[in-house]
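The primary structure of each chain is shown beneath.
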Amino acid sequence: MDDRTPVTVIQEAHSAELAFRAAHPLLAGHVLGYTGQHFSLPQAQVRRVTALAAVMLLIDFETPVRHLVTDTPGLQQSLPLSPVSGLSDGPLVIRQSGREYGLVALLTPLGARALFGLPLRELACRSVQFADLLGPSGRRITEQLAEAPDWLTRFRILDDFLLARIGAGPELPPQVRRAWNRLTGAAAAPIGALADEVGWSRQHLNVRFRQEVGLSPKTVARIARLQRVMSLMRSAHPPSWAEAAATCGYTDQSHLNRDFRLLTGCTPATFRTLTDDWFSVYIADPRVYQVGSRFGL
C-alpha cells in the first residue's frame, strides 16, 4: 500500500487508542479494514456486537479478560484467545474488563475462505482460536504484530501476510461470490431473481451459499440492509427512522424495528443511546462509520 495512506488514530475515554487503516488495494473484496485497539477498562463493561456479515479476526497481543454472556442468567462462556468469529444471525454480548491490546481485521467471505481454507459454515455463529485454524503461522504472525513498534508497521505486516495467504488460498465458487456481491451491494436483488441470475435453482443457491458463507442468502441480505440503515443514521444529517426504513427497503418502521431487535438485541432508540459510548456497541462493518467521529469502532 502507498505509505501516504493515513493511519487514523483516535484517543477516547478509558485512555483508549483506536487506530484505523484500509487494507492493501490488492485485498479489496477480501478485507474490509483494520482496527488497532489499546485501552484499559477501570471496571467490567458489556459490549454488544451486532449480527456479523463479515468474519471478524481479533488478534490479541495480550491475554484479555473477556467472556461471552449467554441467554442463561449468570452464565458466562470464555472466548478463546485471538478469536475468529464467523458470520452470525444474532448479536453477541461480551463482558470485558482490564486491558485490551490487539488488532481487528474484518474479512469478507471471499477473504476468509481463502485465508482459512474451509467452508465458512464451520465458523458460522461460533468463535474459534486463530492458532487452531492456522497453526504455527498464526502464532508467528501474532508474535510479529505484538512486537512491532507502531500501528503503521503492524498494518503493513498484516497486509503482507494476508496478501501471501489469500493469494494462494481457495476461492469461493463464482456463483456464490456473485450472489454475495449482489446481496451486500447498494440494492440487494430478490433471492429468486438472484438464483436465476447465477443459473441455479433457489434451493441449490440456498444450500451452496449457506455451506460456503455460513448463513442463508436471506439472512445476509437482512444484515446488509440493516447496515445500510445504520450508515444513514450515522450521516451528518440523519433522516427519521421511518424515512430510513423506506429508503432501505423495509415495508414500514415496524418491520425495521423487528429486524433491529433480532440483529442487534435492542431497539433503535436504545441503540442510539448505546452508541453514545464508543465501547458499548460494535458493528462489524467499517463502512457504517465516519472515521474521526467521537466513537470509531
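Calculation criteria
- Residues numbered from 1 in each chain as written.
- Predicted model: local features only at pLDDT ≥ 70, side-chain atom pairs only at ≥ 80, totals over all residues.
- Heavy atoms only, no water.
- Helix = DSSP H or I, 4+ residues; strand = E, 2+ residues; numbered from the N terminus.
- Contact = heavy atoms within 4.5 Å.
- Buried < 20%, exposed > 50% of the residue type's maximum accessible area, 1.4 Å probe, protein only.
- Salt bridge = Lys/Arg side-chain N within 4 Å of Asp/Glu carboxyl O.
- Phe/Tyr/Trp six-rings, centres within 6.5 Å; stacked < 30°, edge-to-face > 60°.
- Expected span 1.5 Å × (residues − 1).
- Arc of directions from axis to C-beta.
- pLDDT = per-residue confidence, 0-100.
- Pairing = 2+ DSSP bridges.

**Things to note about the overall build of the protein**
Okay, step 1: Regarding its fold elements, the protein presents 11 helices and 10 strands.
Okay, step 2: Look at the contacts in the protein between residues 6 or more apart in sequence, and 69% of them connect residues 24 or more apart.

**Focus on the environment of Gly29**
Okay, step 1: Looking at the element boundaries, Gly29 is found in the loop between β2 (16-21) and β3 (31-49).
Okay, step 2: Residue Gly29 is classed as partly exposed on the basis of its relative accessible area, which comes to 45%.
Okay, step 3: In sequence terms Gly29 and Asn181 are 152 residues apart; their C-alpha atoms lie 9.1 Å from each other.
Okay, step 4: Sequence-distant contacts of Gly29, that is, excluding residues within four places in its chain, are made with Thr108 and Leu110.

**Overview of the pattern of salt bridges**
Okay, step 1: Taken as a whole, this structure holds 8 salt bridges when the rule is applied.
Okay, step 2: The shortest N-O distance in the salt bridge between Glu62 and Arg99 comes to 2.5 Å. With Glu62 in the loop between β4 (55-60) and β5 (65-69) and Arg99 in strand β8 (residues 92-107), this pair connects stretches of sequence that are 37 residues apart.
Okay, step 3: Residue Arg99 is classed as partly exposed on the basis of its relative accessible area, which comes to 37%.
Okay, step 4: Glu212 is paired through a salt bridge with Arg113; the nearest N and O atoms lie 2.9 Å apart. With Glu212 in helix α7 (residues 202-213) and Arg113 in helix α1 (residues 109-116), the pair connects residues that are 99 residues apart, well separated along the chain. The exposure classification of Glu212 matches that of Arg113, with both residues buried.

**Observations concerning the packing of aromatic side chains**
Okay, step 1: Summed over all chains, the structure comprises 6 aromatic pairs.
Okay, step 2: Between the aromatic rings of Tyr34 and Phe155, the centroid separation amounts to 5.6 Å while the plane-to-plane angle is 20°, which identifies the pairing as stacked. Of this pair, Tyr34 sits in strand β3 while Phe155 sits in helix α4 (residues 151-167), placing them 121 residues apart in sequence. Both residues of the pair, Tyr34 and Phe155, count as buried.
Okay, step 3: Ring centres 5.6 Å apart and planes at 85° place the aromatic pair Trp241 and Phe260 in the edge-to-face group.

**Points about α7**
Okay, step 1: Taking 1.5 Å as the rise per residue, α7 with 12 residues should run 16 Å; its terminal C-alpha atoms sit 16 Å apart, in good agreement.
Okay, step 2: Restricting attention to buried positions, one finds in α7 the residues Leu205, Phe209, Glu212 and Val213. For α7, the angular spread of the buried residues around the axis is 80°, confining them to a single face.
Okay, step 3: Against α1, α5 (174-183), α6 (191-198) and α8 (217-233) lie the buried residues of α7.
Okay, step 4: Just downstream of α7 lies Gly214, where phi reads positive at about 110°.

**Re the environment of Ala195**
Okay, step 1: Position of Ala195 relative to the elements: it lies in helix α6.
Okay, step 2: Spatially, the C-alpha atom of Ala195 lies 9.0 Å from that of Gln175, the residues being 20 residues apart in sequence.
Okay, step 3: Those residues in contact with Ala195 that sit more than four places away from it in its chain are Trp200, Ser201, Arg202 and Leu205.

**Topic: the confidence of the model for the protein**
Okay, step 1: Across the protein, the average pLDDT comes to 87, with 88% of residues at or above 70.
Okay, step 2: Contacts for the low-pLDDT stretch residues 289-297, under 50 throughout, to residues beyond four places or in other chains number 33 contacts.

**Some details on the pairing of β4**
Okay, step 1: The element β4 is largely enclosed, with a buried count of 6 among its 6 residues.
Okay, step 2: Side chains of β4 alternate between two faces, with Val55, Leu57 and Ile59 and Met56, Leu58 and Asp60 buried alike.
Okay, step 3: In this structure, β4 lies alongside β8, joined through 6 bridges in antiparallel fashion. Note that in β8 the partner of Leu57 across the bridge is Ala105.

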